[in-house]
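# Chains, contacts and geometry: an overview
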Amino acid sequence: MKVVRYADRPDLRARRFEELTRPTFPEYMNHNEPGRDWDRLYTDFPDFQVALVDGDDLLAEAHALSLPWDGTLQDLPSGWDEGFVRGMTSDRPHTALMAIAISVAPSQQGRQLSTRMLQAFADNARAAGLTNGVIAPVRPTWKLRYPLVPIERYVDWRREDGSHFDPWIRIHELVGGEIIAPAPESMRITAAASDWAEWVGMSFPEDGEYVFPGGLATLVVEDGIGTHVEPNVWVLHRV
Ligand SMILES: CC(C)(COP(=O)(O)OP(=O)(O)OC[C@H]1O[C@@H](n2cnc3c(N)ncnc32)[C@H](O)[C@@H]1OP(=O)(O)O)[C@@H](O)C(=O)NCCC(=O)NCCS
């Protein structure tokens, strides 16, 4: 197994969406506004877009971008959207790495490959001199079971042994990550209720607030337009 840059492997980049994104993320997540600049990651931040491969098999991938962050809570972006835009547009010197996403191919999950990808973030931040560390707007994987619980409460849920209740946050903590803040408004996705119906497989016949399959929070439909604001949890990995 080895980690390669997508910039060096256009063949893998051409396969990644179908093999990794589509099977691991719900369709609606491909429709947030800043995400329209996704392709710029490969040209403007080539060192941070990597895949874990075994021969020609795509096992996992990690995306990230550098951004200015002074290390304080006050300067922390509100979430994924704001961090992505800041990394793409700010003139301030870049001092931290923001994790954008990790995907492990469904057939490879449970092999501890995600910690390998978290390690790649830390290695890349160190190599690039991003001394304020890696910040990750973590998408808690079990939050979809509790879409009505505020993230400010979910973030504090722990198991009896003290480890975090959420499996993905637990993995971040296992490799040394520290929860620094909830991000109640991390990623906003707005689209016609008919688009939402197609993406999530249920219809929204009238305005109102809905729980929907796979959502970490609810969908609010107003005048036929559905808005979902995904909550995340900021985790810091010092480098
Ligand atoms: C979330 C995701 C990245 C986790 O990866 P995974 O391959 O399923 O999980 P892992 O194999 O790394 O971890 C499984 C177990 O091994 C443990 N583990 C992982 N690395 C370890 C290590 N180096 N040493 C000891 N234990 C380890 C984990 O703590 C976990 O155990 P637990 O749940 O009993 O606490 C993966 O499921 C995925 O891609 N999901 C879909 C996309 C997604 O949601 N991505 C995250 C949002 S960006």
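Near the ligand, the surroundings consist of 19 residues, among which Val104, Gln112, Ser114, Thr115 and Arg170 are the closest. Within the contact set of the ligand, an oxygen atom lies 2.8 Å away from a backbone nitrogen or oxygen of Val104. Taking Gln112, its main chain carries an N or O atom lying 2.7 Å from an oxygen atom of the ligand. Considering the ligand on its own, with 930 Å² of exposed area, one finds that the protein chains cover 71% of that surface. When atoms are counted within 2 Å of each cavity's grid points, the one that captures over half of the ligand is the largest pocket. Counting residues per element, the ones that place at least two in the shell around the ligand are strand E4 (96-104), helix H4 (113-127) and helix H6 (167-174).

Generally, phi is negative for residues other than glycine and the peptide bonds are trans, each holding for most cases. Even without being glycine, Gln112 reaches a positive phi, approximately 65°. With relative accessibility at 64%, the residue Gln112 sits in the exposed group. The phi torsion at Asp223 lies on the positive side, around 55°, for a residue other than glycine. For Asp223, the location among the structural elements is in the loop between strand E8 (219-222) and strand E9 (225-237). For Asp223, a relative accessible area of 69% gives the class exposed.

The next subject is the pairing of strand E5 (residues 134-138). Summarising burial for E5: five of the five residues are buried, a large majority. Both faces of E5 are covered, namely the face carrying Val134, Ala136 and Val138 and the face carrying Ile135 and Pro137. As paired strands, E5 and E9 are joined by five bridges and run antiparallel to one another. Bridging from a neighbouring strand, Pro137 pairs with Trp234 of E9.

By the secondary structure assignment, Ala128 is in the loop between H4 and E5. Judged by relative accessible area, Ala128 falls into the partly exposed class, the value being 41%.

Estimated volume of the largest pocket: approximately 1,100 Å³. Of all the elements, E4 adds the most residues to the lining of the largest pocket, at six residues. A breakdown of the residues in the lining of the largest pocket according to their chemical character gives 21 nonpolar, 16 polar and six charged. In this structure, the second largest pocket encloses a volume near 210 Å³. Along the walls of the second largest pocket sit 14 residues, with Pro184, Ala217, Thr218, Val229 and Pro231 positioned nearest its centre. A per-element tally of the lining of the second largest pocket places E9 first, with four residues.

The rules behind these values
- Residues numbered from 1 in each chain as written.
- Predicted model: local features only at pLDDT ≥ 70, side-chain atom pairs only at ≥ 80, totals over all residues.
- Heavy atoms only, no water.
- Near = heavy atom within 4 Å.
- Polar contact = N/O pair within 3.5 Å; in protein donor to acceptor, adjacent residues only side chain to side chain.
- Areas by Shrake-Rupley, 256 points an atom, 1.4 Å probe, with all protein chains shown as cover.
- 1 Å grid on protein atoms, 1.4 Å probe; cavity = no way out; pocket = protein on both sides within 12 Å on 5 of 7 lines; lining within 4 Å.
- Sits in = over half its atoms within 2 Å of the grid points.
- Helix = DSSP H or I, 4+ residues; strand = E, 2+ residues; numbered from the N terminus.
- Buried < 20%, exposed > 50% of the residue type's maximum accessible area, 1.4 Å probe, protein only.
- Pairing = 2+ DSSP bridges.
- Points joined across faces, edges and corners; volume = space filled by probe spheres on them.
- Nonpolar A, V, L, I, M, F, W, Y, C, P; charged D, E, K, R; others polar.

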